Amino acid sequence: MWITPEEVLLANALWVSERANPFFILQRRKGHGKGGGITGLLVGTLDVVLDSSARVAPYRILHQTGDSQIFWSIACGSSRKEITEHWEWLEANLLQTLSIFDNEDDITTFVKGKIQGIMAEENKSRLAQEDEDSGKFREAELKMRKLFGMPEEEKLVNYYSCSYWKGRVPRQGWLYLSVNHICFYSFLLGKEVTLIVQWTDVTQLEKNATLVFPESVRVSTRDTQHFFSMFLNINDTFKLMEQLANIAMRQLLDNEGFAADRSLPKPCKTLKNVSALKRDLDARAKNERYRALFRLTHDERLDGHTDCTLWTPFAKMHVVGQMFVSNNYICFASREEDMCQLIIPLREVSIVEKADSSSVLPSPLSISTKNKMTFLFANLKDRDFLVQRISDFLQRTPERLWSEGDQLPLSGQSVSQSFSRWSRQLAELAVNQQGTPSPTTPTFPSSPLSLGAGEPLQQHQPQPQQRYYCPDLPTAKQGLLRIYQTDVPEEIMGPKATKEKMKEEAWNIHFFEFGRGVCMYRTSKTRELVLNGIPESLRGELWLLFSGAQNEMATHPGYYAELVEQAMGRCTLATEEIERDLHRSMPEHHAFQNEMGIAALRRVLTAYAYRNPNIGYCQAMNIVTSVLLLYCTEEEAFWLLVALCERMLPDYYNTRVVGALVDQGVFEELTRECLPLLYEHMQELGVISTISLSWFLTLFLSVMPFHSAVLLVDCFFYEGIKLVFQVSLAVLHANMELLMACNDEGEAMTILGRYLDNVVNKQTVSPPIPHLHALLTSGDEPPPEIDVFELIKASYEKFGSLRADVIEQMRFKQRLKVIQSLEDTAKRSVVRAIMTDSAFTIEELEELYVLFKAKHIMSCYWGASSTAAERHDPSLPYLEQYRIDLGQFCQLFSALGPWGCGIHTPTLASRLFRLLDQNKDGLINFKEFVTGLSGMYHGDMTEKLKLLYKLHLPPALCPEEAESALEATQFFTDDDTLQDSPFLSHLDFLVQEVTEGEEVKEAGDSGNGDSEDKKEEKVKDYKYYLRMWAKEKEPKKETIKDLPRMNQEQFIELCKTLYNMFSEDTLEQELYHAIATVASLLLRIGEVGKKFSNNGSGKKVLEPPAQPQPPPSADGPEREDSNGEGSSGQSLICKALAEAQLETVGPPGGGPSGAGGSDEEGKDDTSVSSYSVVSAGELQCEDIADDTVLIGCGGNGAGDKRRGSAPDADWSITFEQVLASMLTEPALVDYFENKRDIQGKMAACKTQRAVERQISSSSDHELAQLST
């Protein structure tokens, strides 16, 4: 490539000049290419260790003038071909111009200006992201692509100098971390080490320090382990590796490739070795920490943070901490954990002003909210800039933006400020999920709306429009607990009621001191109140506040109401599962023993399943949602469910409950650290993995009495998942002695079940609710009751040191294990399901599945003709989840298919794809893929020929290909009228008589059958129809008689395919003889069939010849009348073969095909000799070279007229005739009966990338040999 001209003082140091003229020198780096000796090895090693640009660009062009000792580098290249193109351009365009100049300085100025002009033109087409990256980084990215054979779509994130331990010897080199791969390259004294690992193959990523590997990173896959050490900053490197591995795991879950953030602000200056992608990932990591700390939504993006102090009026002091500013919030977190935390939504801000600075209060900033609260920040480093950023965000707050948009009123509701925006998004969501709306699937309900306690609306009532949800519903105004509560006098409740009122009063005092609502100061005092139990009257409000759901609900008014209308009335897999579980959701609670509670639960679950189709509905969601509905309105319960499923319990409720399995692994690891003896015993029993899943999925609601479990839910909304781990460990610790004495899993489960059944809440004011689990596990002697407050207190005392960041680190480690384990399970399930229908072994099927899925995943990040959502449907069985399109199938077929057809292979692959794609959606699943391969590898000769035969019939053979066959024959011949052939062999008449006899017999049989059916016609009973229906449902096995006839155009394509298939075989000459014989025989059989059909129509049948034609051979090719139809049909075949030969064999003497050679050009093409079966004199075409030969071509010489160019519409053959003809040739029988091994093909497919890299590096040697 052209580079900015730079001065070079020592032109010949470490470089070898290969070409020169008065103005330019072409040089090659020592140590690159053939030879070089010890000097070349040393130079190559230095280039790798020092990351020299010469490693990626070992060729360069220098500009020189006269006797000047100063040289200017103007171009560099990674291959000789690239640099030669630049050299030839300079000679053709600049040499003559430069010879006119008299002044050497003018020559140099002209050359530099010309090169800079060329570079300016090239840079116009560069992407904006590439412009952000520094030249040094773009050079490293180019080096990575060259070394590892990566396409341009693969983006480098960062690269590091490190050592890779191969055995006990460290190899110093460079580690390249791209979006989808981890790569390493080393070159030391001639020894080259290359490593490529996909992130999706990584099963474990650890940073450890041992005596053997000091401070190293271990990357584990299913097959091996790789150790890297001697990083300059191992912590930063490991964090980036964790991020990229997380992205890969997300890719395995959702099948979505990495999308760079295009809205990332550009840096003030170009960072030397930091790419835009690295900045993007750093920003994502900060955003995730920020959102997790303050429970904010996924679209919230941190703009910046700064150190400051916050005046706390309740403590009368300034608290040191950090201020965080994002697009919708201003947040504060104290440096000391739990001392103070604050969230200020910008929608609540009314005034932002700079106060007067003083020595006591430097750079203060005052922020006032609409509810009359004022927050005073101080010690801000860049207050003016901060105020400007906050002002910019305030101008773009959603509230102000929504008031500008179109508003769409709801019937029976006021106009919502955000309705138009969300309606558009909902419409897009509906189109994405359902496709084009079907007239048979109404969006709005056709059934009456149940108002719970009220009367249903009439179904045909025109006004107002029937709706599933409206503000008049009781559950839209208050929680179910208040609707169904019964007033119990305080005298009866006694101290419980007093305790509840004391809790309410304590919270009211807290609200007075610390504020109420989203802007409340959150301190350690808040935590104490939560641990003592939230009063039932405040439970819904505080759940919304601590979970962050209140912010989402405030910024999306009207969203839930419209979502319900969009979602209800549809019939999906999720709605069916919801209906099945509705009456299993807290059936012991009276709120869900009537239609009002069930209807509210149905609306919330259905609305969420429609909002998030990736999750849809999962068991356990009904239990959690029913509890939310007891204390919250429908809309509040919906937003709490959103917070749970999408933020607080990520991936818990997807189809494979990945999040719960990950936390189950974290719990096991915590048990091993905190309770090591119990962990070993429980592992032997296999209890931990059994018990913990239900604890996590339902937050103990399904295993503990309701009034006790709801207290844990209080703490969970404030503390997060940390609380669940603490309580789980406390439960194990409390039962340690009993569990250690257990001998089996059932005994341990019973102990834990009884313990949890007896965790009671003695302070509840609600009437007791029977616990179904307790009824099932009760024994003769009830165990002692455990106070839930004591359990919570014990969990904080013994395990309160757990930190959220440590849990996240452990989650990452377990996520790799869980997802890869699920992938292995999916692979085994697919293999088990398909092994009975395939002749491949289990090992072969597993390897094929890995290759198939790798191609699918690769398409997610390297582009494909269809989106990932279209190719992956997690609701389907494992067997059908992953699908590939035509392009990916062609690549796999070329690598794995046993029928190599040269340049004809993509055409054959396309036909097989169309044949396998039964539902015509442009995608095939793994079962269909294996079905196609199994027929080619393990079928007998009949099955293989049947597959080959079907590949040349519709739908495999598209009409365009048949037309191209016709055009190919017309290229060689003129259109003349077909004439009847006077020559027919005895064989032809024999076939004719047999066919005629069979048809007559079949006609007679069918006639007799009809008469018998009429005679025996009678009323059938229902058993008969059931048998007939079952028989129809049985898959009919296709026989060879079911295959349709093949016309002449399709037969021509079949001959071309066979010709190309045999061109790569060792016995190609024998196979060419055989196929020539078979083609001639089938042509005559087709003519027989045509004559017979014409005879049936009243046409004249010609007499047969006296003697049959001998079969064709190399010495004596058959000869027929050139004017006959037999000759015309054979001429079509030979001309089609001529076309196939021209495709595979280029002219030996260069020409157009030789001019465009690649790096491997110059190889002698001696393959023409293998086609010397028939002399060129038999081919009636002057366009073929004299040494080009064809098969089975009739004619009397080159001077004959070319007749019979159009395929005969009446000509046709059957598969039985093709099979019988093939069986007459032993060479063809051996070819198709030969068993082929797929293991070698799969091994070659796995190492394909390494092969590509070796080819690219060896091309320079070949070119060097050619140039000399």
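Residues numbered from 1 in each chain as written. Predicted model: local features only at pLDDT ≥ 70, side-chain atom pairs only at ≥ 80, totals over all residues. Heavy atoms only, no water.

Caption draft 1: Geometry of the overall build of the protein. Assigned secondary structure in the protein consists of 50 helices and 25 strands. Going through the 1268 residues of the protein one by one, you find that 50% of them count as buried. In the protein, the proportion of contacts linking residues at least 24 apart, taken out of those at least 6 apart, comes to 69%. Surface accessibility of the protein: about 60,200 Å² in total, with carbon and sulfur atoms responsible for 52%. (Helix = DSSP H or I, 4+ residues; strand = E, 2+ residues; numbered from the N terminus. Buried < 20%, exposed > 50% of the residue type's maximum accessible area, 1.4 Å probe, protein only. Contact = heavy atoms within 4.5 Å. Areas by Shrake-Rupley, 256 points an atom, 1.4 Å probe, with all protein chains shown as cover.)

Caption draft 2: Structural view of the sheet that holds strand E17 (residues 349-354). The strand order E16-E15-E14-E13-E19-E18-E17 describes an open sheet built from seven strands, whose pairing is antiparallel. Of all the strands in the sheet, the pair left with one neighbour each is strand E16 (341-345) and E17. Recorded for the sheet is a direction-independent mean angle of 30° between the axes of neighbouring strands. Taken strand by strand, helix H8 (residues 276-294) contacts strand E13 (302-312), strand E14 (317-326), strand E15 (329-334) and E16, and its axis lies near 80° from that of E15. With respect to the sheet, helix H9 (residues 383-395) is in contact with E13, E14, E15, E17 and strand E18 (365-369), its orientation differing from that of E17 by roughly 160°. (Pairing = 2+ DSSP bridges. Axes fitted to C-alpha atoms, helices over the stretch in contact; angles between N-to-C directions.)

Caption draft 3: Spatial organisation of a negative patch on the surface. A surface patch of like charges, here negative, comprises Asp940, Glu943, Glu1070, Asp1230 and Glu1233. Along the chain, the position of Glu1070 falls in helix H44 (residues 1068-1096). By relative accessible area, Glu1070 is classed as partly exposed at 46%. (Patch = residues over 30% accessible without salt bridge, like charges linked within 9 Å, V, L, I, M, F, W, Y side chains within 5 Å. Salt bridge = Lys/Arg side-chain N within 4 Å of Asp/Glu carboxyl O. Lys, Arg positive; Asp, Glu negative; His and termini not counted. Charge placed at Lys NZ, Arg CZ, Asp CG, Glu CD.)

Caption draft 4: Quick peek at the packing of aromatic side chains. Taken as a whole and judged by the stated rule, the model has 46 aromatic pairs. Both rings, one in Phe314 and one in Phe514, keep their centres 4.4 Å apart while their planes meet at 45°; by these two values the pair is tilted. In this pair, Phe314 sits in the loop between E13 and E14 while Phe514 sits in helix H14 (residues 495-514), placing the two residues 200 residues apart along the sequence. The buried category is assigned to Phe514, whose relative accessible area is 6%. Above the ring of Trp72, the side-chain terminus of Lys112 is found at 3.9 Å from the ring centroid. We note Arg1236 situated over the ring of Tyr1231; from NZ or CZ to the ring centre the distance is 4.8 Å. (Phe/Tyr/Trp six-rings, centres within 6.5 Å; stacked < 30°, edge-to-face > 60°. Lys NZ or Arg CZ within 6 Å of the ring centre and 35° of its normal.)

Caption draft 5: Structural view of the sheet that holds strand E8 (residues 181-188). What the seven strands build is an open sheet, ordered E9-E8-E7-E6-E12-E11-E10; its pairing is antiparallel. At either margin of the open sheet sits one strand with a lone partner, and together these are strand E9 (191-198) and strand E10 (202-208). With direction set aside, neighbouring strand axes in the sheet form an average angle of 30°. Bridge count between strand E6 (residues 156-166) and strand E12 (residues 225-229): three bridges; the pairing is antiparallel.

Caption draft 6: Focus on the environment of Asp1237. Following the sequence through the fold, Asp1237 ends up in the loop between helix H48 (1226-1233) and helix H49 (1239-1246). For the pair Asp1237 and Pro898, spaced 339 residues apart in sequence, the C-alpha to C-alpha distance is 8.6 Å. From its side chain, Asp1237 meets the backbone nitrogen of Gln1239 in a polar contact 3.1 Å long. (Polar contact = N/O pair within 3.5 Å; in protein donor to acceptor, adjacent residues only side chain to side chain.)

Caption draft 7: Representation of unusual backbone geometry. Looking along the chain, the bond that leaves Pro954 and enters Pro955 is cis, with omega of 5°. Mapped onto the fold, Pro955 is located in the loop between helix H39 (941-950) and helix H40 (959-972). Positive phi is not limited to glycine here, since Lys316 has a value of about 55°.

Caption draft 8: Representation of helix H20 (residues 595-611) in the model. With 17 residues, H20 should cover 24 Å at 1.5 Å per step; its first-to-last C-alpha distance of 24 Å lies within 8% of that length. For H20, a buried count of 16 out of 17 residues is recorded, marking the element as mostly surrounded by other parts of the structure. For H20, the N-terminal capping position is held by Asn594, with its side-chain oxygen 3.0 Å away from the main-chain nitrogen of Met596. (Expected span 1.5 Å × (residues − 1).)

Caption draft 9: Seen up close, the side chain of Ser708. Counting through the fold element by element, Ser708 comes out in helix H26 (residues 706-719). Residue class for Ser708 comes out buried when judged on its relative accessible area of 1%. Within the structure, Ser708 has its side chain in polar contact with the backbone oxygen of Val759 (distance 2.6 Å). Among all residues touching Ser708, those that are not within four sequence positions of it are Val759, Val760, Asn761 and Val788.

Caption draft 10: Local environment of the confidence of the model for the protein. Residue-level pLDDT values for the protein average 76, and 69% of them are 70 or greater. When mean pLDDT is compared element by element in the protein, E15 scores highest at 96, while helix H46 (residues 1151-1155) scores lowest at 39. Confidence over residues 400-464 falls short of pLDDT 50; this stretch has 84 contacts with residues more than four positions distant or in other chains. (pLDDT = per-residue confidence, 0-100.)

Caption draft 11: Seen up close, helix H7 (residues 234-254). In this model H7 runs 30 Å from its N-terminal to its C-terminal C-alpha over 21 residues, within 8% of the 30 Å that 1.5 Å per residue would give. Summarising burial for H7: 15 of the 21 residues are buried, a large majority.

Caption draft 12: Structural view of the nonpolar core. Judged by nonpolar contacts, the single largest core of 156 residues is most densely connected at Phe377, Trp543, Met621, Phe638, Tyr653 and Phe717. Setting aside chain neighbours within four positions, we find Phe638 in contact with Tyr559, Tyr560, Leu563, Val604, Ala607, Tyr608 and Arg611. Counting residues in hydrophobic clusters, the runner-up holds 73 residues, among them Ile924, Met936, Met1061 and Ile1238. (Core = buried A, V, L, I, M, F, W, Y, C linked by side-chain atoms within 4.5 Å.)

Caption draft 13: Molecular detail of the pattern of salt bridges. Evaluated as defined, the whole model comprises 34 salt bridges. Here Arg145 ties to Glu141 by a salt bridge, and the two come within 3.4 Å at their closest N and O atoms. With a gap of four residues between them, Arg145 and Glu141 both fall in helix H6 (residues 135-148), about one helical turn apart. Comparing Arg145 with Glu141 shows no difference in burial state: the two are buried. The partner of Arg584 in a salt bridge is Asp581, and the shortest N-O contact between them spans 3.0 Å. Using a relative accessible area of 48% as the deciding quantity, one classes Arg584 as partly exposed. Taking relative accessible area as the criterion, Asp581 reaches 3% and is therefore assigned buried. Members of the salt-bridge network, linked through shared partners, are Glu206, Arg218, Glu669 and Lys813.

Caption draft 14: Quick look at the pairing of E14. With ten bridges joining them, E13 and E14 adopt antiparallel strand pairing. In the strand pairing of E14, Cys308 is matched with Gly321. Taking the residues between adjacent antiparallel strands as the criterion, E13 and E14 are bridged by four residues, where Lys316 takes a positive phi near 55°. In terms of strand pairing, E14 meets E15 through five bridges, oriented antiparallel. Opposite Gln322, over in E15, you have Ala333 as the bridge partner.

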